[in-house]
Amino acid sequence: MAEMEYESVVLVKQEVFVYKIPPRQSNRSYRAADWNLAEPIWTGRLRMVAKGKSLCVKLEDKTSGTLFANCPIESYPGVAIEAVSDSSRYFVLRIQDDNGRTASIGLGFGDRSDSFDMNVALQDHFKWVKNEEKIEKEKVEPKQQLDLGFKEGETIKINMKITKKDGSEASSRLSSKKTGAGGLLPPPPGGNKISLPQAGSPAHQPAAAAAVASAAGGQTEWGEFTSAGLHNANSEPAAQTATPSKANANWVQF
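Residues numbered from 1 in each chain as written. Predicted model: local features only at pLDDT ≥ 70, side-chain atom pairs only at ≥ 80, totals over all residues. Heavy atoms only, no water.

1. Observations regarding the overall build of the protein
Part 1: Along the backbone of the protein there are five helices and seven strands.
Part 2: Traced from its N-terminal end to its C-terminal end, the protein shows the element sequence β-β-β-β-β-β-β-α-α-α-α-α.
Part 3: Counting only residues that meet the buried cut, the protein has 23% of its 254 residues in that class.
Part 4: For the protein, contacts bridging at least 24 residues in sequence account for 53% of all contacts bridging at least 6.
Part 5: With the model as given, the accessible surface of the protein reaches about 19900 Å², and the carbon-plus-sulfur share is 53%. (Helix = DSSP H or I, 4+ residues; strand = E, 2+ residues; numbered from the N terminus. Buried < 20%, exposed > 50% of the residue type's maximum accessible area, 1.4 Å probe, protein only. Contact = heavy atoms within 4.5 Å. Areas by Shrake-Rupley, 256 points an atom, 1.4 Å probe, with all protein chains shown as cover.)

2. Observations concerning the sheet that holds strand E2 (residues 42-51)
Part 1: Strand order in the open sheet made by the seven strands is E4-E3-E2-E1-E7-E6-E5, with antiparallel pairing throughout. Strands with a single pairing partner mark the edges of an open sheet, and in this sheet they are strand E4 (67-73) and strand E5 (81-83). Sheet twist, expressed as the average angle between the axes of neighbouring strands with direction ignored, equals 30°.
Part 2: Here helix H1 (residues 112-140) sits on the sheet and contacts strand E1 (7-19), E2, strand E3 (54-60), E4, E5, strand E6 (90-96) and strand E7 (102-108); the angle it forms with E1, its principal contact strand, is near 145°. (Pairing = 2+ DSSP bridges. Axes fitted to C-alpha atoms, helices over the stretch in contact; angles between N-to-C directions.)

3. What to know about the pattern of salt bridges
Part 1: In total, this model carries 10 salt bridges according to the counting rule given.
Part 2: A salt bridge links Asp117 to Lys13; the shortest N-O distance between them is 2.8 Å. Here Asp117 is found in helix H1, whereas its partner Lys13 is found in strand E1, with 104 residues between them in sequence.
Part 3: A salt bridge links Asp34 to Arg28; its shortest N-O distance comes to 3.8 Å. (Salt bridge = Lys/Arg side-chain N within 4 Å of Asp/Glu carboxyl O.)

4. Some thoughts on H1
Part 1: Compared with an ideal rise of 1.5 Å per residue, which puts 29 residues at 42 Å, H1 spans 43 Å between its outermost C-alpha atoms and is within 8% of the ideal.
Part 2: Taken together, the buried positions of H1 are occupied by Asp114, Ser115, Met118, Asn119, Ala121, Leu122, His125, Phe126 and Val129. (Expected span 1.5 Å × (residues − 1).)

5. Overview of the packing of aromatic side chains
Aromatic rings in a pair are described by how distant their centres are and how their planes are angled relative to each other.
Part 1: Summed over all chains, the structure comprises five aromatic pairs.
Part 2: Judged by centre distance (4.5 Å) and plane angle (5°), the ring pair of Trp42 and Phe68 falls under stacked. With Trp42 in strand E2 and Phe68 in strand E4, the pair connects residues that are 26 residues apart, well separated along the chain.
Part 3: You can call Trp42 buried: its relative accessible area is 14%.
Part 4: Among the aromatic residues, ring-to-ring pairing joins Tyr19, Trp35 and Tyr90 into one connected group. (Phe/Tyr/Trp six-rings, centres within 6.5 Å; stacked < 30°, edge-to-face > 60°.)

Spelled out as structure tokens, the structure:
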């Protein structure tokens, strides 16, 4: 059972003007200036009616609704309805009777917004028809599905950014190893070094020995070192310690 098609009214304009137009002498566009615009041959109502994919413009009497002319439209832009070259308010309609005979008449609107509305209605209808034909074609010939699966030997690489709870980025093990190998080693643990006195300085040896003994805190391991320092200081010749220098006047002489 065929699906029933309902007739729907797409556009209604309460006042339009119909003009008798001269025959076209060449392939150039129609011009409304060539018509007798001051004396239209008919004034009435326009109804644009759609039934399924077909569309037609009906010119009817305002009061009785009697049909004056019928203009079936198969496509837009097309030969059924053409815009004139010198105005946006006037068109040329190819009307058709029940016997299939055709004739061309001029159609005009009193306001530009009315002609704009007719253009929009025509474009919307045939845009819908085009989409319906596309859907029906896809039903008969299904669209080829894209194969998004992995081929043999194909791999995918994902770069992941790992962050810690405090918001800082966590470095990978590999990067941490490279950083440790190329950087400087940390200093060894331990306190400050104590400079030991040199053997050839008799004036500084007793003071150095006393400092070492004080740092040792009275422990017995430093006893021999301290006594050795004192012994070496006493074994130097008396000539070296007899006359101290002015720079070392505050040192205790032995």
